[in-house]
Amino acid sequence: MATLLHIDASGRTSRSVSRDLSRRFVEAWASRRPDDRVIRRDLAETPPPLMSEAWIAAAFTPPDRRDAAMRDALAWSDGAIDELAAADLIVLGAPMYNYGMPAALKAWVDQVIRVGRTFSFDLARGDDPIEPTLSGKRLVVLSSRGEFGFREPGPRAARNHLDPHIETVAPYLGVAAADIRTITVEYQEFGDERHAQSRADAEAAVEALVGELAGPSVRGA
Ligand SMILES: Cc1cc2nc3c(=O)[nH]c(=O)nc-3n(C[C@H](O)[C@H](O)[C@H](O)COP(=O)(O)O)c2cc1C
């Protein structure tokens with residue numbers, strides 16, 4: 001049995017393209033592998049807390065020296081990291097907002113990338129002291145943009161800070177670069193034939209990706 005962590009970050013609870021794609025993915029997966037477990041994390045419905053003085057102080061205090069207030073400051077993070085650690089596959093609905101990720105998604109990233117939980121820090125490693133501690137997960141990014149041409153060599157590729165950011169933080173989520181798959185709808189704000197085609201292509205790609213990944217095991221073994 002595999003565990004999926006189904007995350008959505010769009011502020012739109014209806015009409016959201018990324019939510020529609022992530023729902024399609026999870027439903028198609030469940031129809032193939034009904035015994036798999038799905039953990040749901042809706043970041044718009046329940047936004048993560050932002051980084052604070054208390055959170056940072058608690059995170060950088062060794063666990064055996066944390067007081068009750070510090071443990072409380074880290075409670076949301078602990079829950080989100082437990083969900084992440086349990087997941088074999090992360091299904092991430094991630095719209096582009098202002099050329100990057102939605103603030104709620106960035107807040108989730110800030111909550112789950114934590115010293116002692118998802119990375120270790122050791123100056124004995126010289127100039128590369130940070131090492132992710134989770135591994136072996138897959139990440140499926142299902143995204144939508146209002147404009148177009150964000151993937152290389154598109155005309156707006158240099159403005160795309162969403163996909164590169166996700167790729168940069170993925171190792172801290174336990175995902176190697178080769179295990180990221182991204183399906184993107186473009187032209188959403190145009191609402192024209194190009195958007196309809198992009199969306200139809202993405203829906204077909206979602207079906208194909210589920211067919212590819214939902215084999216005998218999540219790792220495709
Ligand atoms: C606050 C906000 C900021 C946006 N910024 C961008 C942007 O920088 N570039 C872009 O191509 N589209 C942008 N869009 C359009 C969204 O990416 C597009 O509507 C997408 O479909 C949103 O995802 P959703 O359908 O899952 O809600 C923005 C939309 C919103 C609401």
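Reference entry: report on the structure contained in this document. The shown structure was predicted, so the numbers you read here are calculated from the model rather than taken from an experiment. (Residues numbered from 1 in each chain as written. Predicted model: local features only at pLDDT ≥ 70, side-chain atom pairs only at ≥ 80, totals over all residues. Heavy atoms only, no water.)

Further remarks concern the pattern of salt bridges. Within the structure shown, the criterion is met by 24 salt bridges. Where Arg-40 meets Asp-8, a salt bridge forms, and the shortest distance between an N and an O atom there is 2.9 Å. Of this pair, Arg-40 sits in strand 2 (residues 37-42) while Asp-8 is found in strand 1 (residues 3-8), placing the two residues 32 residues apart along the sequence. Between Asp-42 and Arg-19 there is a salt bridge, and its shortest N-O distance comes to 2.9 Å. With Asp-42 in strand 2 and Arg-19 in helix 1 (residues 17-32), the pair connects residues that are 23 residues apart, well separated along the chain. The residues Asp-42 and Arg-19 share a single accessibility class, namely buried. Counted as one network, the salt bridges with shared partners bring together Asp-20, Arg-23, Arg-24, Glu-27, Arg-199 and Glu-203. (Salt bridge = Lys/Arg side-chain N within 4 Å of Asp/Glu carboxyl O. Helix = DSSP H or I, 4+ residues; strand = E, 2+ residues; numbered from the N terminus. Buried < 20%, exposed > 50% of the residue type's maximum accessible area, 1.4 Å probe, protein only.)

Let us look at the packing of helix 1 against helix 7 (residues 193-213). Here helix 1 crosses helix 7 at 30°, and the two axes come no closer than 9 Å. In terms of orientation, helix 1 and helix 7 fall into the roughly parallel class. The crossing of helix 1 and helix 7 is right-handed. Here Val-17, Asp-20, Leu-21, Arg-24, Phe-25, Ala-28, Trp-29 and Arg-32 of helix 1 come into contact with helix 7, specifically with His-195, Arg-199, Ala-202, Glu-203, Val-206, Glu-207, Leu-209, Val-210, Gly-211 and Leu-213. Across the contact of helix 1 with helix 7, the residue classes break down as 10 nonpolar, two polar and six charged. (Axes fitted to C-alpha atoms, helices over the stretch in contact; angles between N-to-C directions. Parallel < 35°, antiparallel > 145°, perpendicular 65-115°, else oblique. Left-handed = near helix turned anticlockwise from the far one by under 90°. Contact = heavy atoms within 4.5 Å. Nonpolar A, V, L, I, M, F, W, Y, C, P; charged D, E, K, R; others polar.)

Approximately 320 Å³ is the volume attributed to the largest pocket. Taken together, 17 residues line the largest pocket, and the ones lying closest to its centre are Met-96, Tyr-97, Arg-145, Gly-146 and Glu-189. Taken together, the residues of the lining of the largest pocket break down into six nonpolar, seven polar and four charged. (1 Å grid on protein atoms, 1.4 Å probe; cavity = no way out; pocket = protein on both sides within 12 Å on 5 of 7 lines; lining within 4 Å. Points joined across faces, edges and corners; volume = space filled by probe spheres on them.)

So, on to helix 5 (residues 103-112). Of all 10 residues in helix 5, seven are buried, a share of seventy percent or more. Turning to helix 5, its buried residues are Ala-104, Leu-105, Ala-107, Trp-108, Val-109, Gln-111 and Val-112. Residues of helix 5 that are buried sit in contact with strand 1, strand 2, helix 2 (53-59), helix 4 (75-86), strand 3 (89-93) and helix 6 (162-169).

Keep in mind these numbers describe shape, not what the thing actually does.
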